[in-house]
Amino acid sequence: MSGVKKKGYVFGEKKMTNMTMFLRRGSRVLPLVAGALLSLTSVSMANPLGLEQSPIDIVNPVFSVLPPLVFDYKTTSLHVINTGSPHEEATIRAVVPAGSSVVLSAVTYNLLQFHFHIEAEHYLNGHRPEMELHLVHSDAGGNLLVVGRWIELGAHNALLNEMFANLPPTIADFYDIASFNLAGLLPGNRGTYRYPGSLTTEPFTEGVKWNMFDEPLYMDQAQIHAFAALFPDENRRGVQALNTRVVLSDIPEPATFLLSGLGGLVLVVLRRRRRA
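Every value quoted in this text rests on a predicted model; they were computed, and no experiment measured them. (Residues numbered from 1 in each chain as written. Predicted model: local features only at pLDDT ≥ 70, side-chain atom pairs only at ≥ 80, totals over all residues. Heavy atoms only, no water.)

1. Quick word on the side chain of arginine 194
Reasoning step 1: For arginine 194, the position within the fold is in strand S16 (residues 192-198).
Reasoning step 2: Here proline 67 takes part through its backbone oxygen, which lies 2.7 Å from a polar atom of the side chain of arginine 194.
Reasoning step 3: Engagement of the side chain of arginine 194 in a polar contact is seen with the side chain of threonine 192, the distance being 2.9 Å.
Reasoning step 4: Non-local contacts of arginine 194, meaning those with residues more than four positions away in its chain, are made with Leu66, Pro67, Pro68, Leu69, Leu104, Trp210, Asn211, Val246, Val247, Leu248 and Asp250. (Helix = DSSP H or I, 4+ residues; strand = E, 2+ residues; numbered from the N terminus. Polar contact = N/O pair within 3.5 Å; in protein donor to acceptor, adjacent residues only side chain to side chain. Contact = heavy atoms within 4.5 Å.)

2. Some points on the pairing of strand S17 (residues 206-219)
Reasoning step 1: Both strand S14 (residues 144-153) and S17 contribute to a ladder of eight bridges, which runs parallel. Residue pairing in the sheet places leucine 153 in a bridge with methionine 219 of S17.
Reasoning step 2: As paired strands, S16 and S17 are joined by seven bridges and run antiparallel to one another. By the bridge assignment, proline 196 is partnered in S17 with lysine 209. (Pairing = 2+ DSSP bridges.)

3. A short note on the pattern of salt bridges
Reasoning step 1: A complete count under the given rule lists five salt bridges for this structure.
Reasoning step 2: For lysine 74, the salt bridge is made with aspartate 72, and the minimal N-O distance between the two is 3.1 Å.
Reasoning step 3: What makes lysine 74 partly exposed here is its relative accessible area of 37%.
Reasoning step 4: On the basis of relative accessible area, aspartate 72 is assigned to the partly exposed category, the value being 35%.
Reasoning step 5: For arginine 194, the salt bridge is made with aspartate 250, and the minimal N-O distance between the two is 3.6 Å. Of this pair, arginine 194 sits in strand S16 while aspartate 250 sits in the loop between strand S18 (248-249) and helix H3 (254-275), and the two are 56 residues apart along the sequence.
Reasoning step 6: Residue classification places arginine 194 among the buried residues on the basis of a relative accessible area of 10%. (Salt bridge = Lys/Arg side-chain N within 4 Å of Asp/Glu carboxyl O. Buried < 20%, exposed > 50% of the residue type's maximum accessible area, 1.4 Å probe, protein only.)

4. Here's the deal with the confidence of the model for the protein chain
Any segment with low pLDDT has predicted coordinates that should not be analysed in fine detail.
Reasoning step 1: Predicted confidence across the protein chain gives a mean pLDDT of 82, with 75% of residues reaching 70 or more.
Reasoning step 2: Within the model, pLDDT remains below 50 along residues 1-27, and this stretch shows 84 contacts once partners closer than five positions in the same chain are excluded.
Reasoning step 3: Confidence drops under pLDDT 50 across residues 256-276; counting only partners more than four residues distant or on other chains, this segment forms two contacts. (pLDDT = per-residue confidence, 0-100.)

5. A word on the packing of aromatic side chains
Reasoning step 1: Counting across every chain of the model gives ten aromatic pairs.
Reasoning step 2: Ring geometry for phenylalanine 71 and phenylalanine 213: centres 6.0 Å apart, planes at 40°, overall tilted. Of this pair, phenylalanine 71 sits in strand S7 (residues 70-72) while phenylalanine 213 sits in strand S17; the two residues are 142 residues apart in sequence, bridging distant segments of the chain.
Reasoning step 3: One aromatic cluster in this structure is built from Phe114, Phe116, Phe164, Phe180, Phe227 and Phe231.
Reasoning step 4: The ring centre of tyrosine 123 lies 4.3 Å from the NZ or CZ of arginine 128, which sits over that ring.
Reasoning step 5: Positioned over the ring face of phenylalanine 204 is arginine 237, at 3.9 Å from the centre of the ring. (Phe/Tyr/Trp six-rings, centres within 6.5 Å; stacked < 30°, edge-to-face > 60°. Lys NZ or Arg CZ within 6 Å of the ring centre and 35° of its normal.)

6. What about helix H2 (residues 221-230)?
Reasoning step 1: Those residues of H2 that fall on the buried side of the exposure criterion are Gln223, Ile224, Phe227, Ala228 and Leu230. Projected down its long axis, H2 shows its buried positions confined to an angular sector of 155°, all on one face.
Reasoning step 2: Where H2 starts, the residue carrying a side-chain oxygen 3.2 Å from the main-chain nitrogen of alanine 222 turns out to be aspartate 220. (Arc of directions from axis to C-beta.)

Now the structure itself:
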């Protein structure tokens, strides 16, 4: 594969070309692809695996005050493995020793591993970035919570430099990293999109709590190409139907800020009139 695959967006079996429309989502201005305006009719609404499958196209999330994700990520060693490239359900996985976690609604989910997909599995308003990072957690009962982060083409990523310079080429290979700052994988802006979904590889088990960060992580072309060389046919699952699910977000739209400001102004005026 020469270079990184770009830039058509797949909806079911159809490839849609990028349009010249744009949409603001959170802190980012994204191209709005024609497919995002259409229902995903090529995806069965009666999926035998269930009606809460992942990944999805995140379109029109509903703003809500959400409980925070409280991270306790350590600097630790990593055991990096190749789970079977170039198979589309394989990946490069970093196995994380016990000790790092995230708390959501008073439940602690321990970080088990993180891995990567090319291209990204989730869309955001029809836009699919180059790659996607998944941080996989489990609580004491085996319930899964995944924190995802889109990866865009940009500056060299120093944090991931050692890993991506030594990606295990086959399932028989591995690479150990002595010290890795897991907290460096988290963005400064913790705004998220959240929805109930599933694993994106077999057995596609549902009941997964998905949390996608809005702020992307950046890697340069050489780093992305190193991963793409192991997965020439990519390693991502196609987008699934949202069905009756609602995607919640704690990222206010500009209109939300405006209404909040106007509400505050009206309240101040009313208070002043009452005092008079």
